[in-house]
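Architecture and fold: a report
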Amino acid sequence: RYNGWVTEVQDLEKSRQLQKAVGLDNLLYTPDADFSCFSDLALSSPADYYIEGQGSLIQAVLTPGDPYMPLPNEEIISKVEKQQVLDLFPSARGLEVTWSSVVKIGQSLYREAPGNDPFRPDQKTPVKNFFLSGSYTKQDYIDSMEGATLSGRRTAAYICGAGEELLAIRKKLVVDHSEKASGKVQMLQTS
């Protein structure tokens with residue numbers, strides 16, 4: 001959390017005031033930091049993260065995390081702020097970090113490295129009529145929102161391809177439900 005607005009790049013005075021949230025209200029991407037996507041949660045999710053009188057709350061996922069895992073939290077925070085956030089947003093120079101938190105989860109992301117694509121699961125699974133979607137599945141992009149969208153489109157295509165079979169299953173369920181319901185009615189009438 002900062003004492004101003006990190007992503008306000010147009011107006012330095014606005015970035016220093018705390019009466020109104022200003023800056024880039026979006027999920028942001030960059031190839032120039034160890035966090036490829038990040039957001040100012042005070043702007044993008046104000047109902048949950050905007051606090052009157054406080055500034056930006058930057059959330060970023062560092063990947064790959066291996067270089068950071070052995071470091072003390074204070075060093076991670078310093079590296080991210082001084083070597084990356086301020087490089088991306090020079091207008092944030094002079095702002096102070098007022099609160100920070102580091103969560104280390106070593107196995108939560110796959111590594112974007114040559115040879116890992118074969119480990120991504122396909123959207124169509126070996127389990128009949130069970131499909132997967134997500135940026136981690138087989139698709140042509142890195143683990144990103146674009147990759148998740150492509151995955152969703154592939155999943156939708158598989159589901160459409162299974163449409164006749166799924167329709168037959170649905171009709172059978174409706175018939176089975178109707179038969180059970182009429183059986184209960186008959187039991188009530190004979191009781």
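Going by the annotation in an unreviewed UniProt entry, the name recorded for the protein chain is Amine oxidase domain-containing protein, with Aegilops tauschii subsp. strangulata given as the source organism.

This part is about a nonpolar patch on the surface. On the surface, Leu27, Tyr29 and Met145 cluster together into a nonpolar patch covering about 280 Å² of accessible area. Turning to its location among the elements, Tyr29 is positioned in strand E1 (residues 27–29).

According to the stated counting rule, one finds 3 aromatic pairs in the structure shown. Aromatic pair Phe35 and Phe38: ring centres 5.0 Å apart, planes at 80°, arrangement edge-to-face. Classification of Phe35 as buried rests on a relative accessible area of 1%. Between Phe38 and Phe89, the aromatic rings sit 6.1 Å apart at their centres with planes inclined by 75°, giving edge-to-face as the arrangement.

Right, let's talk about the sheet that holds strand E3 (residues 58–60) for a bit. The strands making up a sheet associate through backbone hydrogen bonding, with each pair oriented either parallel or antiparallel. Within the open sheet, the 3 strands sit side by side as E1-E2-E3. Their pairing is antiparallel. Here the strands that pair on one side only, and so sit at the sheet edges, are E1 and E3. Direction aside, the axes of adjacent strands within the sheet are offset by 30° on average. Where strand E2 (residues 37–40) and E3 come together, 3 bridges link them in antiparallel fashion. Across the sheet, Ser39 pairs through a bridge with Gln59, a residue of E3.

Below, the discussion takes up the environment of Val22. Mapped onto the elements of the fold, Val22 is located in the loop between helix H1 (12–16) and E1. Residue class for Val22 comes out buried when judged on its relative accessible area of 11%. Measuring from C-alpha to C-alpha, the distance between Val22 and Trp5 comes to 6.3 Å, with 17 residues separating the pair along the chain. In this structure, Val22 is in contact with Trp5, Glu8, Lys14, Ser15, Gln17 and Leu43, ignoring residues within four places of it in sequence.

Let us look at unusual backbone geometry. Not every positive phi belongs to a glycine, and Asn129 is a case in point at roughly 60°. On the secondary structure map, Asn129 appears in the loop between helix H4 (73–88) and helix H5 (145–161). What makes Asn129 partly exposed here is its relative accessible area of 27%.

Further remarks concern the domain arrangement of the protein chain. Split by domain assignment, the protein chain resolves into domain 1 (12–92) and domain 2 (117–190). The C-alpha-based centres of domain 1 and domain 2 are spaced at 38 Å.

Attention now moves to the nonpolar core. Counting 15 residues, the largest nonpolar core has Val6, Phe35, Val85, Phe89 and Ala92 as its most contacted members. Sorting elements by how many residues they give to this core places H4 first, with 4 residues. Contact partners of Val85, with chain neighbours within four places excluded, come to Tyr2, Val6, Phe35 and Val80.

Every α-helical turn comprises 3.6 residues, leaving residues that sit three or four positions apart pointing alike. Its 17 residues place the ends of H5 24 Å apart at the C-alpha level, agreeing with the 24 Å of an ideal helix rising 1.5 Å per residue. Within H5 the residues assigned to the buried category are Gly147, Ser151 and Thr155. Buried residues of H5, viewed axially, fall in a sector of 75°; they line one side. Exposed residues lying more than 90 degrees from the buried face of H5 are Arg153, Ala157 and Cys160.

Take Gln139: it is sitting in the loop between H4 and H5. Classification of Gln139 as buried rests on a relative accessible area of 7%. Residue contacts for Gln139: discarding those within four places in its chain leaves Arg120, Gly147, Leu150, Ser151 and Arg154.

Evaluation of the coordinates by the stated rule reveals 4 salt bridges. The partner of Arg120 in a salt bridge is Asp117, with the nearest N and O atoms 3.3 Å apart. Since its relative accessible area comes to 7%, Arg120 is described here as buried. Among the salt bridges present, the one from Arg154 reaches Asp122, with a minimum N-O distance of 3.1 Å. Note that Arg154 is positioned in helix H5 and Asp122 in the loop between H4 and H5, a separation of 32 residues in sequence. On the basis of relative accessible area, Arg154 is assigned to the partly exposed category, the value being 32%. Since its relative accessible area comes to 23%, Asp122 is described here as partly exposed.

The rules behind these values
- Residues numbered from 1 in each chain as written.
- Predicted model: local features only at pLDDT ≥ 70, side-chain atom pairs only at ≥ 80, totals over all residues.
- Heavy atoms only, no water.
- Patch = residues over 30% accessible without salt bridge, like charges linked within 9 Å, V, L, I, M, F, W, Y side chains within 5 Å.
- Areas by Shrake-Rupley, 256 points an atom, 1.4 Å probe, with all protein chains shown as cover.
- Salt bridge = Lys/Arg side-chain N within 4 Å of Asp/Glu carboxyl O.
- Helix = DSSP H or I, 4+ residues; strand = E, 2+ residues; numbered from the N terminus.
- Phe/Tyr/Trp six-rings, centres within 6.5 Å; stacked < 30°, edge-to-face > 60°.
- Buried < 20%, exposed > 50% of the residue type's maximum accessible area, 1.4 Å probe, protein only.
- Pairing = 2+ DSSP bridges.
- Axes fitted to C-alpha atoms, helices over the stretch in contact; angles between N-to-C directions.
- Contact = heavy atoms within 4.5 Å.
- Domains from an automatic or database assignment.
- Core = buried A, V, L, I, M, F, W, Y, C linked by side-chain atoms within 4.5 Å.
- Expected span 1.5 Å × (residues − 1).
- Arc of directions from axis to C-beta.

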